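For reference, the chains in residue letters:
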Amino acid sequence: MTESAQPACTGIRVIVVAHGPPLKGGIATVALDLVEDAGLNAEFEMVFQNTAQNDSQRGKFAVENLKRAAADAWNTFRLARKGSVVHSHAVQDPWLVAWRQVCIALAARLRGAQVLLHNHNQAPYMELPGEYKVSRLNRWAFALLDKLVQANILIAPAGEPNIRKYMPTVALPVIANSVVVETVPQSSAVHDPPVILFIGELLERQGMVILLDALDQLDAQGVGNYELRILGDNRPGLDPLKDQMVNEITARGRGDTMTGPVSRSEVYRHLSEADLYVFPTFTEGQPFTVIEALAAGVPIVASNIQAISNMITEGVHGRMIALDDTPGFAEAISELLADPERRSQISQANRTLALQRFDRTVFRERIAELYREHGRAAQ
């Protein structure tokens, strides 16, 4: 749905402000999930204000970005009205991004609208309680937002103590990201040979070297009866760090395991054929790939970082291994490869968790409750 599209209903107007296509990633995914959701469109007048900009300039102090921030505020003022809800998505850090949110919130309030922020930053969900630190300019922006907005939606409870110290009064509801679980084919997690799957950016911070080292250890131990599939964009020239990793994967003799960029339906097909999803990442907010693996019923072997430990339980939904613990990853992979019955049990537990916590119906209703509450309050 676009700004020019006819409204789907005559109820509360909701303006979703977010980076959308052609940009990809968590924010764009969640924004499209909202504006394209049939249930939300049946109840609310959903309007998408796409603030997509050049990736190379995002978060930087540049004249171009100042102009864009002013344009975003003006478009918000133009689209908002009394009784509407502005739902603005951002990482809220660094300071320029936070002040852009101040401009959007102020424009919305001047029109009599209520404002919901949505925090997609990785850091608040990664840092231990109270350890998330921002610059002075960022703190000032948070202080203003604490007065201007009605809620700052978090994607995981780990973010609450870190955001609360900068926004002491605003509501901080926690609403997890979601997928439509029924559209994700479930894996049996028992295949011959078992399939080890990686989905993500082909970068060292995603744990690619740890994965390669762990598999090399297994091969040296004679645990070689598996198929590896690496799903990620390996096209040359997009990012020098990705190019280095693609060369590393190829040099390790695993070049033929890379699929290149694939569609979402193809991701789901690979998940339906997978026995393990291995994700030794260093830093995340709330990875969609983990949600999708849960929905597909694929046992997970992932880094024991706060963002992921907030999503799954060690031993119930797979294994969680300390950062940089290559032998630990190798042992966990070997252990689960050797136990198809346990993989099958974990598969059922993961699908159940996805339905209970990460399904689109749960996400939709929590969001709709906020739209109803604050849309009525603005009228």
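Everything that follows concerns the structure shown earlier in this document.
Residues numbered from 1 in each chain as written. Predicted model: local features only at pLDDT ≥ 70, side-chain atom pairs only at ≥ 80, totals over all residues. Heavy atoms only, no water.

1. Details of the overall build of the protein chain
Part 1 of the reasoning: Counting its regular elements, the protein chain contains 15 helices and eleven strands.
Part 2 of the reasoning: Considered along the principal axes of its C-alpha atoms, the protein chain spans approximately 65 × 40 × 40 Å.
Part 3 of the reasoning: Taking all 379 residues of the protein chain together, the buried fraction comes to 54%.
Part 4 of the reasoning: Of the contacts made within the protein chain by residues no fewer than 6 positions apart, 76% connect residues no fewer than 24 positions apart.
Part 5 of the reasoning: About 15600 Å² of surface is accessible on the protein chain, with carbon and sulfur atoms providing 53% of the total.
Part 6 of the reasoning: Side chains of the protein chain give 36 positive and 43 negative charges; the mean places of these two sets differ by 11 Å. (Helix = DSSP H or I, 4+ residues; strand = E, 2+ residues; numbered from the N terminus. Buried < 20%, exposed > 50% of the residue type's maximum accessible area, 1.4 Å probe, protein only. Contact = heavy atoms within 4.5 Å. Areas by Shrake-Rupley, 256 points an atom, 1.4 Å probe, with all protein chains shown as cover. Lys, Arg positive; Asp, Glu negative; His and termini not counted. Charge placed at Lys NZ, Arg CZ, Asp CG, Glu CD.)

2. A word on the pairing of strand S5 (residues 151–154)
Part 1 of the reasoning: Here S5 shows two buried faces, one formed by Ala-151 and Ile-153 and the other by Asn-152 and Leu-154.
Part 2 of the reasoning: The pairing of strand S4 (residues 114–119) with S5 spans four bridges and is parallel. Note that in S5 the partner of Leu-116 across the bridge is Ala-151. (Pairing = 2+ DSSP bridges.)

3. Quick notes on the sheet that holds strand S6 (residues 195–199)
Part 1 of the reasoning: Read across the open sheet, the six strands follow the order S8-S7-S6-S9-S10-S11; overall the sheet is parallel. Each edge of the open sheet is held by one strand with a lone partner, namely strand S8 (258–260) and strand S11 (318–321). Strand-to-strand twist across the sheet, computed as the mean angle between neighbouring axes with direction ignored, equals 20 degrees.
Part 2 of the reasoning: With two bridges connecting them, S6 and strand S9 (residues 276–279) associate as parallel partners. Residue pairing in the sheet places Ile-196 in a bridge with Leu-276 of S9. (Axes fitted to C-alpha atoms, helices over the stretch in contact; angles between N-to-C directions.)

4. Examining the packing of helix H3 (residues 63–79) against helix H4 (residues 95–110)
Part 1 of the reasoning: Two elements in contact, H3 and H4, have axes separated by 8 Å at closest approach and are oriented at 25 degrees. As judged from the angle between their axes, H3 and H4 are roughly parallel. Here H3 and H4 pass one another in a crossing that is right-handed. Every residue of H4 that contacts H3 at Asn-65, Leu-66, Ala-69, Asp-72, Ala-73, Thr-76 and Phe-77 is listed here: Leu-96, Arg-100, Cys-103, Ile-104, Ala-107, Ala-108 and Leu-110.
Part 2 of the reasoning: Among the residues forming the contact of H3 with H4, the class breakdown is ten nonpolar, two polar and two charged. (Parallel < 35°, antiparallel > 145°, perpendicular 65-115°, else oblique. Left-handed = near helix turned anticlockwise from the far one by under 90°. Nonpolar A, V, L, I, M, F, W, Y, C, P; charged D, E, K, R; others polar.)

5. What to know about the pattern of salt bridges
Part 1 of the reasoning: Taken as a whole, this structure holds 26 salt bridges when the rule is applied.
Part 2 of the reasoning: The partner of Glu-45 in a salt bridge is Arg-81, and the shortest N-O contact between them spans 3.0 Å. Taken together, the residues Glu-45 in strand S2 (residues 45–50) and Arg-81 in the loop between H3 and strand S3 (85–90) connect sequence positions 36 residues apart.
Part 3 of the reasoning: Judged by relative accessible area, which is 36%, Arg-81 ranks as partly exposed.
Part 4 of the reasoning: The salt bridge partner of Glu-266 is Arg-269, with a shortest N-O separation of 3.0 Å. (Salt bridge = Lys/Arg side-chain N within 4 Å of Asp/Glu carboxyl O.)

6. Things to note about the packing of aromatic side chains
Part 1 of the reasoning: With the rule as written, the count across this model stands at six aromatic pairs.
Part 2 of the reasoning: Taking 5.7 Å as the distance between ring centres and 15 degrees as the angle between the ring planes, the aromatic pair formed by Phe-142 and Tyr-166 counts as stacked. On the criterion of sequence distance, the pair formed by Phe-142 in helix H6 (residues 136–148) and Tyr-166 in the loop between helix H7 (160–164) and S6 is long-range, its members being 24 residues apart. A single burial state applies to Phe-142 and to Tyr-166, both of which are buried.
Part 3 of the reasoning: These aromatic residues form a ring-pair network of at least three members: Tyr-132, Phe-142 and Tyr-166.
Part 4 of the reasoning: Sitting above the plane of the Phe-77 ring, Arg-111 keeps its charged end 5.1 Å from the centroid. (Phe/Tyr/Trp six-rings, centres within 6.5 Å; stacked < 30°, edge-to-face > 60°. Lys NZ or Arg CZ within 6 Å of the ring centre and 35° of its normal.)

7. Here we look at the sheet that holds S3
Either a parallel or an antiparallel arrangement is found when strands of a sheet pair, and the pairing is made through backbone hydrogen bonds.
Part 1 of the reasoning: The strand order across the open sheet built from five strands is S2-S1-S3-S4-S5, with neighbouring strands paired in parallel fashion. If you trace the sheet from one side to the other, it starts and ends with S2 and S5, each paired once. Going from strand to strand, the sheet's axes swing by 20 degrees on average, the running direction of each strand aside.
Part 2 of the reasoning: The strands touched by helix H1 (residues 26–35) within the sheet are strand S1 (13–18), S2 and S3, with S2 carrying the most contacts at an inclination of about 155 degrees.
Part 3 of the reasoning: Against the sheet, H3 contacts S1, S2 and S3, and its axis sits at roughly 165 degrees relative to S2.

8. A look at the packing of helix H8 (residues 208–220) against helix H13 (residues 326–337)
Part 1 of the reasoning: It is the contact of H8 with H13, at a shortest axis distance of 8 Å, that shows an interaxial angle of 60 degrees. The angle between H8 and H13 places the two elements in the oblique class. H13 is crossed by H8, and the crossing has right-handed handedness. Between H8, through Ile-210, Asp-213, Ala-214, Leu-215, Gln-217 and Leu-218, and H13, the contact on the second element is made entirely by Thr-326, Pro-327, Phe-329, Ala-330, Ile-333 and Ser-334.

9. Observations regarding the environment of Asp-213
Part 1 of the reasoning: For Asp-213, the position within the fold is in helix H8.
Part 2 of the reasoning: Between the C-alpha atom of Asp-213 and that of Ala-330, which follows or precedes it by 117 residues, the distance is 8.3 Å.
Part 3 of the reasoning: Look past the residues within four positions of Asp-213 in its chain and what remains in contact with it is Arg-252 and Thr-326.

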